[in-house]
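Here are the chains, one letter per residue:
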Amino acid sequence: MTSKQEKREKHTIHRTQRVKIRGLIMDPPSGNGPIEVCVNYQADWELIYKNPRILVKCLVESCETLLTAKRMSKSGLRFFAARSGNCSHNLVEIQVEQGEVEQDAANLVGGGGPEGNEHLWMKGRLLKIAQSLGAKAVVEHTPTRADVFLPDHDIALEYQRWNTNFARRTRQRALVGAANTIWMFPWQPPGPPRTQARKAFNTAVFKHGGIYVAVRNKDNPGELQRPWEDSSLERTARLYASGSIVVFDPDLGALVRKSRSLAKVLNQIISGDRILAKTMVLRRSDGRTEQARAGYCATTLPESNRRRRNGDETRCRLRARLRPRNQNRLWIRIGPP
């Protein structure tokens, strides 16, 4: 990267604005008391822009600042601006492009165009999953620039739809407190990669522990869904993790790649039950095993395999403690050097 490009990138990064993305609806149409809303959650966003007279205030109970929903014209980023009053509670930073115009959500046709809706929906769903697991979660965390940051676990959750310098961004996050970055990418159908982004995603997933995420119908997992386009799908939409996720198949006597509930996988990662390390994985295509960096639950392995791996994992933990925190890993619980 040239110095001119670095200056341009640095200039872009520092063009930010501090806003709110969460608020409290005092008079929801359902009448069921105050409810917390987040602009990145599609159902919440539709509730807000379809009911322009709805009363949204600051999350802090004693604060009387009233909020109004807005969207940036170019990036599509959503946020709350002060309607009356002013406060600095629960602010996050968003990147602002040159020529951006703040648009009132009530005046947007259909609540805004499709640009960025998938990413925004994913942020909202990741936040809700983390909260359902009992983890403290911060959406759009300013220091790490993570989609969702889990401060008690030093974990950054990042959903990425475009190719980027994953190693550099992981190191940058590690320097400001996110020791572990879990990179997630839109699920890709089987077949050879046809784009540079797909090749980069495959490398991140199959060599470094990234995770492919699919949005599927919980009642029919073979059906892919797009709830950011149709909020009626919120009831059935569930996230499933695959790629680096492996489980022990007792019939085959080996670790194999399988799709699993992302909520369950994240819970296992947070608790330390699912670990990322080099291990032997069976390829179903030809029945051969290959060494790969994959996330597996050691407690599900046969006792003989567990004893052997436990020795490796103990050494890995020791090496992990000795390594500097700005290590180049996509998500790390113990992984070897």
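Our subject is the structure listed above.
A short tour of the structure in this document, coming up. If you're wondering where the values come from, they're calculated on a predicted model, not measured in any experiment. Note that residues are indexed from 1 along each chain, following the sequence as it is written. Local features in this predicted model are restricted to residues whose pLDDT is 70 or higher, and side-chain atom pairs enter the listing and the counts only when it is 80 or higher, whereas totals over whole chains, interfaces and linings include all residues. Hydrogens and water molecules were not included; the side-chain quantities draw on all heavy atoms of the structure.

**Things to note about helix α2 (residues 42-49)**
Judged by how many residues are buried, α2 sits mostly within the fold: six of eight residues are covered. If you check which residues of α2 are buried, you get Gln-42, Asp-44, Trp-45, Glu-46, Ile-48 and Tyr-49. Should any heavy atoms of two residues lie within 4.5 Å, those residues are counted as being in contact. Here a helix means four or more residues in a row that DSSP labels H or I, a strand means two or more in a row labelled E, and each is numbered from the N terminus. Those residues of α2 hidden inside the fold are in contact with β2 (22-25), β3 (35-38), β5 (66-72), β6 (78-84) and α3 (117-132). Each residue is assigned to one of three classes by its accessible area relative to the maximum for its type, calculated with a 1.4 Å probe on protein chains only: buried under 20%, partly exposed between the two thresholds, exposed over 50%.

**Things to note about unusual backbone geometry**
Backbone geometry at Asn-90 places phi at a positive 55°, although glycine is not the residue there. Mapped onto the elements of the fold, Asn-90 is located in the loop between β6 and β7 (92-95). By relative accessible area, which is 39% here, Asn-90 ends up partly exposed. Positive phi values are uncommon outside glycine, yet Asp-154 reaches one of about 55°. Along the chain, Asp-154 turns up in the loop between β10 (146-150) and β11 (155-159). Asp-154 sits in the partly exposed class, given a relative accessible area of 26%.

**With respect to the sheet that holds strand β20 (residues 289-297)**
Pairing between the strands of a sheet comes from backbone hydrogen bonds, and it takes one of two forms, parallel or antiparallel. Following DSSP output, two strands are said to pair if at least two bridges run between them. Taken together, four strands build an open sheet; the order of strands is β16-β17-β19-β20 and the sheet is mixed. Each having just a single partner strand, β16 (246-249) and β20 make up the two edges of the open sheet. Averaged over all neighbouring strand pairs, the angle between strand axes comes to 50°, with direction disregarded. An axis is simply a line fitted to the C-alpha atoms; with a helix, the fit covers only the stretch in contact. Between two such axes, the angle follows the N-to-C directions and lies from 0 to 180 degrees. Where helix α5 (residues 196-208) meets the sheet, it contacts β17 (254-257), β19 (274-282) and β20, and its direction lies at approximately 80° from that of β20.

**Focus: the pairing of β20**
Pairing geometry for β19 and β20, over nine bridges, is antiparallel. Each bridged residue has a counterpart across the sheet, and for Val-281 the counterpart in β20 is Glu-290. Counting the residues in the hairpin turn of β19 and β20 gives six residues, including Gly-287, whose phi is positive at 75°.

**Some remarks on the nonpolar core**
Core analysis: the biggest nonpolar cluster contains 51 residues, and Met-184 and Leu-239 have the highest contact counts within it. Beyond its immediate chain neighbours, meaning those up to four positions away, Met-184 contacts Leu-126, Leu-157, Glu-158, Tyr-159, Gln-160, Ile-211, Val-213 and Leu-262. Put simply, buried Ala, Val, Leu, Ile, Met, Phe, Trp, Tyr and Cys residues joined by side-chain atoms within 4.5 Å make one nonpolar core.

**As for the pattern of salt bridges**
Whenever Lys or Arg places a side-chain nitrogen within 4 Å of a carboxyl oxygen from Asp or Glu, that contact is recorded as a salt bridge. The full count for this structure, using the stated rule, is 11 salt bridges. Between Glu-118 and Arg-161 there is a salt bridge, with its nearest N and O atoms 3.1 Å apart. With Glu-118 in helix α3 and Arg-161 in the loop between β11 and α4 (166-175), the pair connects residues that are 43 residues apart, well separated along the chain. Asp-147 is the salt-bridge partner of Lys-123, the closest N and O atoms lying 3.9 Å from each other. Placement of Lys-123 in helix α3 and of Asp-147 in strand β10 is noted, with a sequence separation of 24 residues between them. The exposure class of Asp-147 is buried, given its relative accessible area of 3%. Look at the salt bridges and you will find they share partners, linking Arg-257, Arg-283, Asp-286 and Glu-290 into a network.

**So, the state of the cysteines**
Such a bond, covalent and formed between the sulfur atoms of two cysteines, is termed a disulfide. When two cysteine sulfur atoms are found within 2.5 Å, that pair is recorded as a disulfide. Here the structure, examined in full by the defined rule, presents zero disulfides. Cysteine Cys-63 shares no disulfide, and the gap to the nearest cysteine sulfur, in Cys-87, comes to 3.7 Å.

**A short note on α5**
The end-to-end C-alpha distance of α5, which contains 13 residues, comes to 17 Å, matching closely the 18 Å that a straight helix rising 1.5 Å per residue would cover. Listing the buried residues of α5 in full gives Arg-198, Ala-200, Phe-201, Asn-202, Ala-204 and Val-205. Lining the buried residues of α5 we find α4, β12 (180-186), β13 (211-217) and β15 (237-243). Helix span, as expected, comes to 1.5 Å for every residue beyond the first.

**Brief notes about the packing of aromatic side chains**
Both the distance between ring centres and the angle between the ring planes are used here to describe each pair of aromatic rings. Think of it this way: a Phe, Tyr or Trp ring, Trp meaning its six-membered ring, pairs with another when their centres are within 6.5 Å, and the plane angle makes it stacked under 30 degrees, edge-to-face over 60, tilted otherwise. Summed over the entire model, instances satisfying the criterion amount to seven aromatic pairs. For the pair Phe-166 and Trp-183, a centre-to-centre distance of 5.0 Å together with 75° between the ring planes defines the contact as edge-to-face. Pair noted here: Phe-166 is in helix α4 and Trp-183 is in strand β12, with a separation of 17 residues, a long-range link. The pair formed by Phe-166 and Trp-183 is uniform in burial state, with each residue classed as buried. With a centroid separation of 6.3 Å and an interplanar angle of 65°, the aromatic rings of Phe-206 and Tyr-212 are classed as edge-to-face. Counting every residue linked through ring pairs, the aromatic cluster contains Phe-166, Trp-183, Phe-185, Phe-201, Phe-206 and Tyr-212. When the ring centre of Trp-187 is taken as origin, the NZ or CZ atom of Arg-216, which lies over that ring, is 4.9 Å away. Two limits define a charge over a ring: the Lys NZ or Arg CZ must be within 6 Å of the ring centre, and within 35 degrees of the ring normal.

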